[in-house]
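Coordinates in review
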Amino acid sequence: MPGLLRGVARTAVVAGTATAVSNRVSRRQAGRWAQQAEEQQQVYAAPPQAPPPPAPAAPAAVGMDDKIGQLKELSELKAQGILTEEEFAAQKARILNS
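A short tour of the structure in this document, coming up.

About the cut-offs
Residues numbered from 1 in each chain as written. Predicted model: local features only at pLDDT ≥ 70, side-chain atom pairs only at ≥ 80, totals over all residues. Heavy atoms only, no water. Helix = DSSP H or I, 4+ residues; strand = E, 2+ residues; numbered from the N terminus. Buried < 20%, exposed > 50% of the residue type's maximum accessible area, 1.4 Å probe, protein only. Areas by Shrake-Rupley, 256 points an atom, 1.4 Å probe, with all protein chains shown as cover. Salt bridge = Lys/Arg side-chain N within 4 Å of Asp/Glu carboxyl O. Patch = residues over 30% accessible without salt bridge, like charges linked within 9 Å, V, L, I, M, F, W, Y side chains within 5 Å. Lys, Arg positive; Asp, Glu negative; His and termini not counted. Charge placed at Lys NZ, Arg CZ, Asp CG, Glu CD. Phe/Tyr/Trp six-rings, centres within 6.5 Å; stacked < 30°, edge-to-face > 60°. Lys NZ or Arg CZ within 6 Å of the ring centre and 35° of its normal. Axes fitted to C-alpha atoms, helices over the stretch in contact; angles between N-to-C directions. Parallel < 35°, antiparallel > 145°, perpendicular 65-115°, else oblique. Contact = heavy atoms within 4.5 Å. Nonpolar A, V, L, I, M, F, W, Y, C, P; charged D, E, K, R; others polar.

Brief notes about the overall build of the chain
From N to C terminus, the chain includes 3 helices and 0 strands. Listing each helix as α and each strand as β along the chain from the N terminus yields α-α-α. Sorting the 98 residues of the chain into buried and exposed places 5% on the buried side. Accessible surface, the chain as shown: approximately 8,700 Å² in total, 61% of it carbon and sulfur.

Structure below.
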C-alpha cells in the first residue's frame, strides 16, 4: 500500500504542477492577445492623416525665345477671335512676368 500511496501522491503533484503551468501560459497568452487587440484598436481608431500637399511645380526656365513664341501664339489666337482683349492682356502679363 505505501507504493500505491506514493504513486498517487506523485501523480497529484505532477497534475497540479501541469495545471498551474497551463493556467499561467493561458493567462499570459490572453494578456498578449488583449494587448494586440488594443494596439490594433488604436491604429484603426486614429483619424486618417491628410496626404501631404503637392510640391509646388518648379518654374521652368523660360528663355526669351520661348516667351516670344508664346506671345506670337497668343496674338494668333486673338486674331482668330478665340481670345478676348482682356484674356490676351492677362496671358501676356503672365508670360512676361514669368
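Re the pattern of salt bridges
When the charged atoms of two side chains with opposite charge come close together, those side chains can pair. This structure, assessed with the given rule, holds 1 salt bridge. With a closest N to O distance of 2.8 Å, K78 and E85 form a salt bridge.

Describing a positive patch on the surface
A grouping of R24, R27, R28 and R32 is seen on the molecular surface, where their side chains present a positively charged patch. Mapping R24 onto the fold places it in helix 1 (residues 2-45).

A look at the packing of aromatic side chains
Applying the stated criterion across every chain yields a total of 0 aromatic pairs. Just above the ring of F88 sits the side chain of K78; from NZ or CZ to the centre is 5.0 Å.

Concerning the packing of helix 2 (residues 64-80) against helix 3 (residues 85-97)
Relative orientation of the contacting elements helix 2 and helix 3 amounts to 175°, with a least axis distance of 10 Å. Judged on the interaxial angle alone, helix 3 and helix 2 are roughly antiparallel. Each of K67, Q70, L71, L74, S75 and K78 in helix 2 lies in contact with helix 3, whose residues at this interface are E85, F88, Q91, K92, I95 and L96. Looking at the contact of helix 2 with helix 3 residue by residue, the class counts come to 5 nonpolar, 3 polar and 4 charged.

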